Amino acid sequence: MQRSFVIYLFLLLAGVASAQNYVDLAKLYYTNSQNNKFDTTSQTSDMTEVGGEILLPIPLKNGSAILTGFAYEESKLRPGPQVKDPIKLYVINPRFGINWVHNKKWTGQYMLLPQISSDLEGKLQGHDFQLGAIGIASYKKSENLSYRFGAYYNGALYGPGTFLIAGFYYQKPESRWTFDFMLPIWADINYKINDVFSVGLRQDDMLRSYYINDPSFSNQDEYLVELSPDTYLYLQTAIAKNYILQFKIGHSVGRSYEVYNVGDQIDLGFSGINFGDDRNKLSTDFADGLIFQVRFHYRLFLDDYANSKN
């Protein structure tokens, strides 16, 4: 049974039915984890990630919005001690969908998530492409609290996977605490020190598969499955009202980078439970370790946007 971790996703737009009062239109990040030991040897592997996300909503007259966006990520690591040189893995992910205001209480976000996910070695082919979809319904319980329910599907290289999603967003205007949960994707607890600084605790969970055009463990086509549950403490600072910096230090908990032959799949994955999983793992995992991350967000506050339109 594989743990319930899903590809990183986020609630793309905070609509009328959400208590969240902002949306991050752009994100940039850099992640570094050094000297991670493999389970079976004294050799180590470094891991780095650099990426960015852009959201481009197109407002509609009824308060809804067409959602477009783009995400890019490049990772670098050794998936096994027998792999001499680190490999690079890429995700190129355009996003298309709609944020639909059903009524004063309910808003829905519905997205198609096609992506290229591979080492980009050689000519692009079918295994380099994957297609996912997500639907999230937000229920506005009060001005300070909203609930989230939904599901995500992806035709990944390890087999078809479906995940249920549940969470909430809670913030009282007179309180310094904010709780932002979208399980099993993320959980975030933030404490505002003043108008410039805040601190927080963050859990990010990711499950993703990449096609390997240049195999390292066999003479057949291979794919790599990244499972990376990471827990962070962070310091956040507003260098200006709309510009946010985060400095994060954390530790992975049960992460793995597993390599399999293409075609060696599960029958079905549902919320982290794999049915018909008799795959033969080719690689050796490396142990959990410290992780450092720096993030930059461009944040649009919805009240400011609404006031500018009045």
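Note that the structure is a prediction, hence the values are computed from the model and not measured. (Residues numbered from 1 in each chain as written. Predicted model: local features only at pLDDT ≥ 70, side-chain atom pairs only at ≥ 80, totals over all residues. Heavy atoms only, no water.)

**Student:** Which residues make up the environment of glutamine 203, and what values go with them?
**Tutor:** Within the fold, glutamine 203 resides in strand β11 (residues 197–212). With relative accessibility at 21%, the residue glutamine 203 sits in the partly exposed group. Apart from residues no more than four positions distant in its own chain, glutamine 203 is found in contact with Ile185, Trp186, Ala187, Pro229, Asp230 and Thr231. At a separation of 2.3 Å, a polar atom in the side chain of glutamine 203 contacts the side chain of threonine 231. (Helix = DSSP H or I, 4+ residues; strand = E, 2+ residues; numbered from the N terminus. Buried < 20%, exposed > 50% of the residue type's maximum accessible area, 1.4 Å probe, protein only. Contact = heavy atoms within 4.5 Å. Polar contact = N/O pair within 3.5 Å; in protein donor to acceptor, adjacent residues only side chain to side chain.)

**Student:** Just give me the short version of the nonpolar core, but keep the residues and values in it.
**Tutor:** By size, the foremost hydrophobic cluster in this structure holds 25 residues, and its most contacted members are Ile134, Tyr158 and Ile165. Elements supplying a minimum of two residues to this core: β1 (22–37), β5 (106–118), β6 (129–140), β7 (145–156), β8 (159–171), β11 and β12 (222–240). If we ignore the near neighbours within four places in the chain, the residues touching tyrosine 158 are Phe163, Leu207, Ser209, Tyr223, Val225, Gln265, Ile266 and Arg279. The next biggest cluster of nonpolar side chains, apart from the first, holds 14 residues, and it includes Met47, Ile87, Val91 and Ile212. (Core = buried A, V, L, I, M, F, W, Y, C linked by side-chain atoms within 4.5 Å.)

**Student:** Tell me what's going on with the packing of aromatic side chains, and back it up with residues and numbers.
**Tutor:** What the rule picks out here adds up to 10 aromatic pairs. Their ring planes at 80° and their centres at 5.7 Å tell us that phenylalanine 38 and phenylalanine 286 sit as a pair that is edge-to-face. Placement of phenylalanine 38 in the loop between β1 and β2 (44–59) and of phenylalanine 286 in the loop between β16 (273–275) and β17 (290–301) is noted, with a sequence separation of 248 residues between them. Take phenylalanine 38 and phenylalanine 286: they sit in the same class, and that class is buried. Considering the side-chain rings of tryptophan 177 and tyrosine 191, the 4.8 Å spacing of their centres and the 55° angle between planes classify their relative orientation as tilted. Remark: tyrosine 191 occurs in strand β10 (residues 186–192) and tryptophan 177 occurs in strand β9 (residues 177–183); sequence separation between them is 14 residues. Residue classification places tryptophan 177 among the partly exposed positions, given a relative accessible area of 41%. Of the residues examined, tyrosine 191 reaches a relative accessible area of 30% and is grouped as partly exposed. (Phe/Tyr/Trp six-rings, centres within 6.5 Å; stacked < 30°, edge-to-face > 60°.)

**Student:** Give me the environment of serine 118: which residues, what numbers.
**Tutor:** If you trace the backbone, serine 118 turns up in strand β5. In the structure, serine 118 is positioned 94 residues away from isoleucine 212 in sequence and 5.9 Å away in space, judged by C-alpha atoms. In contact with serine 118, not counting residues within four places along its chain, are Lys88, Leu89, Tyr90, Asp128, Tyr210, Tyr211 and Asn213. Within polar-contact distance, the side chain of serine 118 engages the side chain of aspartate 128 at 2.7 Å.

**Student:** Describe the pairing of β8, listing the residues and the values that go with them.
**Tutor:** Here β7 pairs with β8 via 12 bridges, running antiparallel. Directly across from phenylalanine 149, in β8, lies its bridge partner alanine 166. Between β7 and β8, which pair antiparallel and follow one another directly, the connecting turn spans 2 residues. Summarising the sheet, β8 and strand β15 (residues 268–270) pair through 2 bridges and their orientation is parallel. Bridge pairing in β15 links glycine 161 to glycine 269. The turn linking β8 back onto β9 is made up of 5 residues. (Pairing = 2+ DSSP bridges.)

**Student:** Can you lay out a nonpolar patch on the surface for me, pointing to particular residues and giving the numbers?
**Tutor:** Judged by side-chain polarity, Ile193, Val196, Phe197, Val199, Leu235, Phe247 and Val294 come together as a nonpolar surface patch covering roughly 520 Å² of accessible area. Assignment of secondary structure puts leucine 235 in strand β12. (Patch = residues over 30% accessible without salt bridge, like charges linked within 9 Å, V, L, I, M, F, W, Y side chains within 5 Å. Areas by Shrake-Rupley, 256 points an atom, 1.4 Å probe, with all protein chains shown as cover. Salt bridge = Lys/Arg side-chain N within 4 Å of Asp/Glu carboxyl O.)

**Student:** Report on the pattern of salt bridges, specifying residues and quantitative values.
**Tutor:** All told, the structure shown has 11 salt bridges when counted by the stated rule. Across the salt bridge formed by arginine 148 and aspartate 180, the nearest N and O atoms sit 2.7 Å from each other. Linking arginine 148 in strand β7 with aspartate 180 in strand β9, this pair joins segments that are 32 residues apart in sequence. In this structure arginine 148 comes out as buried when scored by relative accessible area, which is 0%.

**Student:** Explain the pairing of β6 to me, using residue names and the numbers behind them.
**Tutor:** Alternating positions in β6 separate cleanly, Gln130, Gly132, Ile134, Ile136, Ser138 and Lys140 being buried on one face and Phe129, Leu131, Ala133, Gly135, Ala137 and Tyr139 remaining unburied on the opposite face. Two elements, β6 and β7, share 9 bridges in a ladder whose sense is antiparallel. Each residue of the ladder has a partner; that of alanine 137, found in β7, is phenylalanine 149. Adjacent in sequence and paired antiparallel, β6 and β7 are bridged by 4 residues.

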